[in-house]
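# Topology and contacts: notes
Listed below, chain by chain, are the residues.
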Amino acid sequence: GDGGGQNAAAGGVSLSKITLTKSAPSVSLTKRGSAGGQLRVNLQWSAGEQQSRGLFGKRRGNAIDLDLACLWEFSDGSKGVVQALGNAFHAPYHGAPIIRLDADDRSGAAVGGENMFIDLSRVDEIRRILVFAFIYEGVPNWASADGVVTLYPASGPEIEVRLDEPDPSSPTCVIAMLENQGGDLVVRREVRYIRGGQADVDAAYGWGMEWARGRK
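Read on for an overview of the structure. (Residues numbered from 1 in each chain as written. Predicted model: local features only at pLDDT ≥ 70, side-chain atom pairs only at ≥ 80, totals over all residues. Heavy atoms only, no water.)

### Overview of the overall build of the protein
Within the protein, the regular secondary structure consists of three helices and 13 strands. Relative to its full complement of 216 residues, the protein shows a buried share of 46%. Carbon and sulfur atoms make up 50% of the accessible area of the protein, which amounts to about 10,500 Å² in all. (Helix = DSSP H or I, 4+ residues; strand = E, 2+ residues; numbered from the N terminus. Buried < 20%, exposed > 50% of the residue type's maximum accessible area, 1.4 Å probe, protein only. Areas by Shrake-Rupley, 256 points an atom, 1.4 Å probe, with all protein chains shown as cover.)

### Overview of the pairing of strand E10 (residues 148-152)
Most of E10 is tucked away: four of the five residues are buried. Relative to E10, strand E3 (residues 38-44) runs antiparallel, the two sharing five bridges. Each residue of the ladder has a partner; that of valine 41, found in E10, is leucine 151. One ladder, built from four bridges, connects E10 with strand E11 (residues 158-162); its direction is antiparallel. Pairing of leucine 151 across the sheet is with isoleucine 159, part of E11. Between the antiparallel neighbours E10 and E11 lie five residues, among them glycine 156 with a positive phi of about 90°. (Pairing = 2+ DSSP bridges.)

### Quick word on the nonpolar core
The biggest cluster of nonpolar side chains holds 43 residues, and the ones touching the most others in it are Val41, Ile99, Ile118, Ile129, Ile175 and Leu178. Residues within four places of leucine 178 in sequence aside, it is in contact with Leu39, Ile118, Arg127, Arg128, Ile129, Val131, Leu151, Leu185, Val186 and Val187. By size, the runner-up hydrophobic cluster in this structure holds 13 residues, among which are Val81, Ile194, Tyr205 and Met209. (Core = buried A, V, L, I, M, F, W, Y, C linked by side-chain atoms within 4.5 Å. Contact = heavy atoms within 4.5 Å.)

### Overview of the sheet that holds strand E8 (residues 114-119)
Taken together, seven strands build an open sheet; the order of strands is E1-E11-E10-E3-E8-E7-E6 and the sheet is mixed. Both edges of this open sheet fall to strand E1 (17-19) and strand E6 (90-91), since each of them pairs with a single strand only.

### Here we look at the pattern of salt bridges
According to the stated counting rule, one finds twelve salt bridges in the structure shown. In this structure, the salt-bridge partner of glutamate 160 is lysine 17, at a minimum N-O distance of 3.2 Å. With a gap of 143 residues between them, glutamate 160 in strand E11 and lysine 17 in strand E1 connect regions that are remote in the sequence. When its relative accessible area of 32% is taken as the criterion, lysine 17 is described as partly exposed. The partner of glutamate 179 in a salt bridge is arginine 188, and the shortest N-O contact between them spans 3.7 Å. We classify glutamate 179 as partly exposed; its relative accessible area is 25%. (Salt bridge = Lys/Arg side-chain N within 4 Å of Asp/Glu carboxyl O.)

### Remarks on the side chain of asparagine 115
By secondary structure assignment, the location of asparagine 115 is in strand E8. For asparagine 115, the side chain forms a polar contact with the side chain of arginine 40, separated by 2.8 Å. Reaching out from asparagine 115, the side chain makes a polar contact with the side chain of asparagine 42 at a distance of 2.9 Å. Setting aside anything within four residues of it in sequence, one finds asparagine 115 in contact with Arg40, Val41, Asn42, Leu68, Arg100, Leu101 and Asp102. (Polar contact = N/O pair within 3.5 Å; in protein donor to acceptor, adjacent residues only side chain to side chain.)

### A word on the pairing of E8
Across the six residues that make up E8, a large majority, six, are buried. With burial as the criterion, each face of E8 is covered, one bearing Glu114, Met116 and Ile118 and the other bearing Asn115, Phe117 and Asp119. As paired strands, E3 and E8 are joined by six bridges and run antiparallel to one another. Residue pairing for E8: leucine 43 is matched across the bridge by glutamate 114. In this structure, strand E7 (residues 99-101) lies alongside E8, joined through three bridges in antiparallel fashion. Looking at E8, one finds that isoleucine 99 is bridged to isoleucine 118.

### Comments concerning the sheet that holds strand E4 (residues 65-74)
Either a parallel or an antiparallel arrangement is found when strands of a sheet pair, and the pairing is made through backbone hydrogen bonds. Read across the sheet, six strands follow the order E2-E13-E12-E9-E4-E5 without closing on themselves; strand pairing throughout is antiparallel. Each edge of the open sheet is held by one strand with a lone partner, namely strand E2 (26-28) and strand E5 (79-82). Each strand axis lies, on average, 20° off the axis of its neighbour in the sheet, ignoring direction. Where strand E9 (residues 126-137) meets strand E12 (residues 172-181), seven bridges bridge the pair, whose relative direction is antiparallel. Counterpart to leucine 130 in the pairing with E12 is methionine 177. (Axes fitted to C-alpha atoms, helices over the stretch in contact; angles between N-to-C directions.)

Printed below as a string of C-alpha cells:
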C-alpha cells in the first residue's frame, strides 16, 4: 500500500464539519469538490420562552424570531435582497432561482430552522452573496438565541458559523460572505453585528441599493 489516504485526516481536522473562526475565517466551497448541486444554508436558534399565543397568534413572552436573509449581486450587475420581508423569497425574480428561501419559521421551533438554498451549478452567475440574520421581533438577545448557521454543500464537509460575540444593541448580524473568486465560491465568516436593518447592512458593505421601509 502507498498510505495515500492518510493526508486528509492529518491535523485532527474533522472531515464532516469545518467551523469558521476568526483565525480561520474562510473556506472554498468549489475547491473541496462541493461544486454543483444545492448549497443549503441553515439557521438554527433557541427561541426562548414560547408562551401562549394570544388573539391573531400574537406572541407573548420573550420568544425570539430570527429571520435569515441575504444581499446578492450577480455577475450581470443585478443585485437585490432575498428575505421573508416583502415576500422576496427568490433571486432572480424570473426564471429558475439561483437563491431561494424556504418558508419563514416564526418560532425557531421547526426542526429544520430556516433554510436558504443556493444553486452551486450556477457559480459563474454569482458575484457575491452576503448572508445575514435579523431579529424581527423581540429584544436583540443574541446570547440566549445561541444561533448557528451551517452550510451544507451537496458533497464535502458541512461548514459552521456560530453567532458568538453577541451585541445586544444590534438587531442584525452579518454571518458570512460568499464570493466568486475566479470561478471558486469562497465562504468567509463575518459575524459582524449591525445596529440597524438591511439598509445599514448595505451601507456597511457598499452594496449600493435603494431601500424603502419593508414590513412583514
